[in-house]
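# Overview (structure and organization)
Listed below are the residues making up each chain.
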Amino acid sequence: MSLLITDECINCDVCEPECPNGAISQGAEIYEIAPNLCTECVGHYDTPQCIEVCPVDCIILDPDNKETQEQLMEKYHQIND
């Protein structure tokens, strides 16, 4: 699954620079994650870095974008190769 930032986001700016795929950007009201770029850090790190640094725990699995570890790794290769 890709990740999703909920409306509890406080726009603290710490998640965006941590994303190795550039999937996080400032939206109209809160930060947003582009599902086509989010690999949950598969291929880069053992855990999603945005979740690691988020001070309010507002980043969750996106129920509308379910993906297996294999699909996330394939997406990683498409983005980074």
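Structural data are supplied above this passage.
The structure contained in this document is the topic of the report that follows. Here the structure is a predicted model, which is why all the values come from computation and not from measurement. (Residues numbered from 1 in each chain as written. Predicted model: local features only at pLDDT ≥ 70, side-chain atom pairs only at ≥ 80, totals over all residues. Heavy atoms only, no water.)

### Some points on empty space enclosed by the protein
Applying the stated criterion across every chain yields a total of 2 cavities of 30 Å³ or more. Of the volumes computed, that of the largest cavity is approximately 90 Å³. In terms of lining, the largest cavity is formed by 13 residues, of which the most central are Leu3, Cys19, Cys38, Cys41 and Cys50. Of the residues that constitute the lining of the largest cavity, the class distribution is 10 nonpolar, 2 polar and 1 charged. Of the pockets and cavities examined, the second largest cavity occupies roughly 70 Å³. Lining the second largest cavity are Cys9, Ile10, Asn11, Cys12, Val14, Cys15, Tyr31, Cys54, Pro55, Val56, Cys58 and Ile59. Here the residues of the lining of the second largest cavity sort into 11 nonpolar, 1 polar and no charged. (1 Å grid on protein atoms, 1.4 Å probe; cavity = no way out; pocket = protein on both sides within 12 Å on 5 of 7 lines; lining within 4 Å. Points joined across faces, edges and corners; volume = space filled by probe spheres on them. Nonpolar A, V, L, I, M, F, W, Y, C, P; charged D, E, K, R; others polar.)

### A look at the state of the cysteines
Summed over all chains, the structure comprises 0 disulfides. Note on Cys38: no disulfide assigned, nearest cysteine sulfur contributed by Cys50 at a separation of 6.4 Å. In this structure Cys54 is a free cysteine whose sulfur lies 3.7 Å from that of Cys58, the closest cysteine sulfur available. Take Cys54: its relative accessible area is 12%, and that puts it in the buried class. (Disulfide = S-S within 2.5 Å. Buried < 20%, exposed > 50% of the residue type's maximum accessible area, 1.4 Å probe, protein only.)

Honestly, that's just the spatial picture; any functional story needs more than this.
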